[in-house]
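# Descriptive analysis of the structure
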Amino acid sequence: MKRLLFAAPFVLALIIGGFSLWGLSGGRDPSSIPSALISQPIPDFALDPIEGVDTPGLSTEDLKGQGLTLVNVFASWCGPCRAEHPILTRMSEQQNLRIVGLNYKDTPENAAAWLEELGNPYERIGADVTGRAGIDWGVTGVPETFIISNDGIVLHRFPGPVVGDGQRRFQEALDAAKAAQ
């Protein structure tokens, strides 16, 4: 009996180590977690504008009846957001896309400076200072971009930056959404 008690911590360490190795091994992409919002109405939310930015805030009603809309979740502290910003700006201009922003857990000063530096492609921006709206949207990290139908239904969620191969995959999803509209 004493030998079993002596071996128990060793066996427990082996089990924990095995699960740790499995969890860290390749083949699992956290960005592939499906969104429960797909094919569902957008969450009910209302966000004030970013202080110091001359762009109106964002609410549920602003996403209905406006045609196909991209909701881009971004933050000034997010490196990948900086990388995708010129691509989204170019897509907005070249494809006549409506893009709105959800500024996630950012300070107004930093967000305003970031938009001043990089440009503001957003028609509306909601300041989600507490992250509550991000929770309602199911945001797992920034950046994330959602494609919303004219009637306020989430058609697609794209986690991560719209750069490189991600840009191609996002464009495919966008083209499919446009065709469905």
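Residues numbered from 1 in each chain as written. Predicted model: local features only at pLDDT ≥ 70, side-chain atom pairs only at ≥ 80, totals over all residues. Heavy atoms only, no water.

In this section: the packing of helix α2 (residues 79-94) against helix α3 (residues 108-118). Relative to each other, α2 and α3 sit at 35°, their axes nearing to 11 Å. When you trace α2 past α3, the crossing you get is right-handed. Each of Cys81, Arg82 and His85 in α2 lies in contact with α3, whose residues at this interface are Trp114, Leu115, Glu117 and Leu118. Of the residues assigned to the contact of α2 with α3, the class counts are four nonpolar, one polar and two charged. (Axes fitted to C-alpha atoms, helices over the stretch in contact; angles between N-to-C directions. Helix = DSSP H or I, 4+ residues; strand = E, 2+ residues; numbered from the N terminus. Left-handed = near helix turned anticlockwise from the far one by under 90°. Contact = heavy atoms within 4.5 Å. Nonpolar A, V, L, I, M, F, W, Y, C, P; charged D, E, K, R; others polar.)

Within the element layout of this structure, aspartate 54 appears in the loop between β1 (46-47) and β2 (58-59). In sequence terms aspartate 54 and isoleucine 125 are 71 residues apart; their C-alpha atoms lie 9.6 Å from each other.

Counted under the stated rule, the structure contains five aromatic pairs. With 5.2 Å between their ring centres and 15° between their planes, phenylalanine 74 and tryptophan 114 make a pair best called stacked. With phenylalanine 74 in strand β3 (residues 69-74) and tryptophan 114 in helix α3, the pair connects residues that are 40 residues apart, well separated along the chain. A single burial state applies to phenylalanine 74 and to tryptophan 114, both of which are buried. Between phenylalanine 74 and tyrosine 122, the ring centres sit 4.8 Å apart and the planes meet at 10°, which makes this aromatic pair stacked. In this pair, phenylalanine 74 is assigned in strand β3 and tyrosine 122 in the loop between α3 and β5 (125-128), connecting sequence segments 48 residues apart. Relative accessible area serves as the criterion here: at 0%, phenylalanine 74 is assigned to the buried category. Grouped by ring-pair contacts, the aromatic residues Phe45, Trp137 and Phe146 constitute a single cluster. (Phe/Tyr/Trp six-rings, centres within 6.5 Å; stacked < 30°, edge-to-face > 60°. Buried < 20%, exposed > 50% of the residue type's maximum accessible area, 1.4 Å probe, protein only.)

Functional significance is not addressed by these values, which are geometric in nature.
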